[in-house]
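Topology and contacts: notes
In case you want the letters, here they are:
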Amino acid sequence: MAFPPGFLWGTATSSHQVEGDNRNNDWWEWEEQTGRIYAGQRSGEACDHYHRFLEDIEMMAALGLNAYRFSLEWSRLEPGPDQFSTPAIDHYGEMIAALKARGIEPVVTLHHFTIPRWLKEAGGFLNPEVVSLFDRYTKEVARALGKEVTYWVTINEPMVLATQGFLLGLWPPGHKNLAETLKVARHLLLAHGRSYRRLKEAHPGALVGLAKHYRIIDPLRSTSWLDRLSARLLDYIFNWAFTDSAERGRLKVPFGWGQGVNDLAGTQDFMGVNYYSRDMISFDLRSPTTLFARMRVREGSETNDLGWEVYPEGLYRLLMALKRYRKPILITENGISTGDDRQRERFLREHLHQVERALGDGADVRGYFYWSLLDNFEWAEGYRARFGLLEVDFATQERMPRPSARLYGRLAKGYGEGA
Ligand code: BGC
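Residues numbered from 1 in each chain as written. Predicted model: local features only at pLDDT ≥ 70, side-chain atom pairs only at ≥ 80, totals over all residues. Heavy atoms only, no water.

Evaluation of the coordinates by the stated rule reveals 33 salt bridges. For Arg 402, the salt bridge is made with Asp 375, and the minimal N-O distance between the two is 2.9 Å. Of the two residues, Arg 402 is situated in the loop between strand S11 (398–401) and helix H13 (403–418) and Asp 375 in the loop between strand S9 (365–371) and strand S10 (390–393); the sequence distance between them amounts to 27 residues. Exposure remark for Asp 375: the relative accessible area of 0% places this residue in the buried category. In this structure, a network of salt bridges that share partners links the residues Asp 135, Arg 194, Arg 198 and Glu 201. (Salt bridge = Lys/Arg side-chain N within 4 Å of Asp/Glu carboxyl O. Helix = DSSP H or I, 4+ residues; strand = E, 2+ residues; numbered from the N terminus. Buried < 20%, exposed > 50% of the residue type's maximum accessible area, 1.4 Å probe, protein only.)

Written as structure tokens, this is what we have:
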């Protein structure tokens, strides 16, 4: 069997999407503005995971899972500049202890899309100081929680954060500006590098990486050289430029002109992969914002409830492409939003089959994290997207394991025993 011993079978969540009552960050404020979130919804209580984490951890354990990826809410830990909250630190400490007591490996993300309000007011990711502010936050987290955690993700989906917030205007701060987008990506790279060093300095045994969103980007018409060129360009910029920069320690085009950055090289102990879908690209002069690439969903393809193509083979293709970095790989997110749980079961089987195939072909995959443990607040899509293995009744906060949850547990066990 291809799955290596000690393979991490987990689920993933992020603080703002599940904790509830995160009033002190930029998203809370954003949600109050009209027209930002589907049907005017708000994150509100979310899944109340902040108080119900024990119940949720028990459920993971009952399913037989051995890992959990979650994020720390910066705005809770540092509610005012350089003011760290002991209750918040203790809370995450308790969570980590509860996981470990049940044999569940914590994989901790420092930043998953939200920032404290005070930082937003200070210019957020556009302010070059964000690099040292993130470093200060990392330092405190490493001091307070570092001894108990091996796996760290510094930043979740930097390119998604930069494009949604600064190019497409769909997320806070709602800007549409290419120069700003590149600046933010640059700051995120530098922040990642510093944070990596900080964690390793405090705990040399820590394993630190990024959770990078990769998409399969294919030309719509393979006979058109313009479509092919457009797809390659977008693929490079969205998928690889950031990862390559962090690997080589240089600000690669379009973030810079290849100039070296101190301490950035080799700042990924593992390659974190978030994979969901594929885009078909045609060259289109009417799409200047996306560098003349128009994105479409492949005609006739299976889609999820949000209209994204379900394309399991894409995961195999990515894992093969990532082999070139010669690093262990963690699939830090992979999941489906669907009201039809049989589709989720199929999704899981098919994607895990592709992981198995990639392992057989030499990809060094060490873990898989289904997104998500719970139905939760899906950013601009609000609560209409249902990604959870556990169905949540948001009126009562009751959790109900879907059949796919049990299937995932069985698959993990089956693959694990064969390992
Ligand atoms: C993000 C999650 C999000 C998921 C589904 C990823 O882009 O990291 O926060 O909920 O995809 O859209």
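From this point on, the discussion continues.
Looking now at unusual backbone geometry. Of the consecutive residues Pro 172 and Pro 173, the connecting peptide bond is found in the cis state with omega at 10°. Its place among the elements puts Pro 173 in the loop between helix H8 (158–167) and helix H9 (178–202). Backbone torsion omega between Trp 371 and Ser 372 reads 15°, so that peptide bond is classified as cis. Non-glycine residue Asp 82 carries a positive phi angle of around 60°. Relative to the helices and strands, Asp 82 is located in the loop between helix H4 (74–77) and helix H5 (86–101). Despite not being glycine, Trp 379 shows a phi value in the positive range, around 50°. One can find Trp 379 in the loop between S9 and S10.

Glancing now at the pairing of S11. In the sheet, S10 pairs with S11 via four bridges, with the strands oriented antiparallel. Note that in S11 the partner of Val 392 across the bridge is Arg 399. Between S10 and S11, which pair antiparallel in sequence order, lie four residues; one of them, Gln 397, sits at a positive phi of approximately 65°. (Pairing = 2+ DSSP bridges.)

Moving on to the nonpolar core. Core analysis: the biggest nonpolar cluster contains 118 residues, and Leu 72, Trp 152 and Tyr 368 have the highest contact counts within it. Aside from chain neighbours lying at most four places away, what touches Leu 72 is Ser 15, Leu 77, Tyr 92, Val 108, Thr 109, Leu 110, Tyr 137, Val 141, Leu 145 and Trp 152. Tyr 276, Leu 306, Leu 330 and Phe 369 belong to the second-largest nonpolar core, a separate cluster that totals 15 residues. (Core = buried A, V, L, I, M, F, W, Y, C linked by side-chain atoms within 4.5 Å. Contact = heavy atoms within 4.5 Å.)

Next up on the list: the pairing of strand S8 (residues 329–334). Counting buried residues in S8 gives six out of six residues, a clear majority hidden from the surface. Taken together, the four bridges between S8 and S9 define a ladder with parallel strand orientation. Residue pairing for S9: Asn 334 is matched across the bridge by Tyr 370. Running through helix H12 (residues 341–360), the crossover from S8 to the neighbouring parallel element S9 is right-handed. (Right-handed = clockwise from strand over helix to strand, strands pointing away.)

Here we come to a negative patch on the surface. Side chains of Glu 55, Glu 391, Asp 393 and Glu 398 sit close together on the surface and give a patch of like negative charge. In this fold, Glu 391 is placed in strand S10. Take Glu 391: its relative accessible area is 37%, and that puts it in the partly exposed class. (Patch = residues over 30% accessible without salt bridge, like charges linked within 9 Å, V, L, I, M, F, W, Y side chains within 5 Å. Areas by Shrake-Rupley, 256 points an atom, 1.4 Å probe, with all protein chains shown as cover. Lys, Arg positive; Asp, Glu negative; His and termini not counted. Charge placed at Lys NZ, Arg CZ, Asp CG, Glu CD.)

Packing of helix H3 (residues 49–63) against H5 brings their axes to within 10 Å, and their N-to-C directions diverge by 10°. With respect to each other, H3 and H5 are oriented roughly parallel. In contact with His 49, Tyr 50, Phe 53, Leu 54, Ile 57 and Met 60 of H3, H5 contributes Pro 87, Ala 88, His 91, Tyr 92, Glu 94, Met 95, Ala 98 and Leu 99. Partitioned by chemical class, the residues of the contact of H3 with H5 number eleven nonpolar, two polar and one charged. (Axes fitted to C-alpha atoms, helices over the stretch in contact; angles between N-to-C directions. Parallel < 35°, antiparallel > 145°, perpendicular 65-115°, else oblique. Nonpolar A, V, L, I, M, F, W, Y, C, P; charged D, E, K, R; others polar.)

What follows deals with the environment of Thr 267. Inspection of the secondary structure puts Thr 267 in the loop between helix H10 (225–248) and strand S6 (270–283). Given the relative accessible area of 0%, Thr 267 is considered buried. Between the C-alpha atom of Thr 267 and that of Ala 246, which follows or precedes it by 21 residues, the distance is 6.0 Å. Thr 267 has contacts with His 192, Gly 193, Tyr 196, Arg 197, Val 208, Ala 246 and Glu 247, leaving out every residue within four places of it along the chain. From its side chain, Thr 267 meets the backbone oxygen of Leu 264 in a polar contact 2.8 Å long. (Polar contact = N/O pair within 3.5 Å; in protein donor to acceptor, adjacent residues only side chain to side chain.)

This brings us to the side chain of Ser 230. Relative to the helices and strands, Ser 230 resides in helix H10. The class for Ser 230 is buried, based on a relative accessible area of 5%. Aside from chain neighbours lying at most four places away, what touches Ser 230 is Ile 281, Ser 282, Phe 283, Leu 291, Phe 292 and Ala 293.

Taken together, 14 residues surround the ligand, and among them Gln 17, His 112, Glu 157, Glu 333 and Glu 378 come closest. The contact in question runs from an oxygen atom of the ligand to an N or O atom on the side chain of His 112, over 2.9 Å. Measuring from an oxygen atom of the ligand, one finds a side-chain N or O atom of Trp 379 at 2.9 Å. When the ligand is considered free in solution it has 310 Å² of accessible area, and contact with the protein chains removes 95% of it. Partitioning the shell around the ligand into residue classes produces six nonpolar, five polar and three charged. (Near = heavy atom within 4 Å.)

What follows covers the environment of Ala 405. As for its placement among the helices and strands, Ala 405 is situated in helix H13. Along the primary structure Ala 405 and Leu 348 are separated by 57 residues, whereas in three dimensions their C-alpha atoms are 9.8 Å apart. Residues within four places of Ala 405 in sequence aside, it is in contact with Leu 63, Leu 389 and Leu 390.

These values are about where atoms sit, not about what they do.
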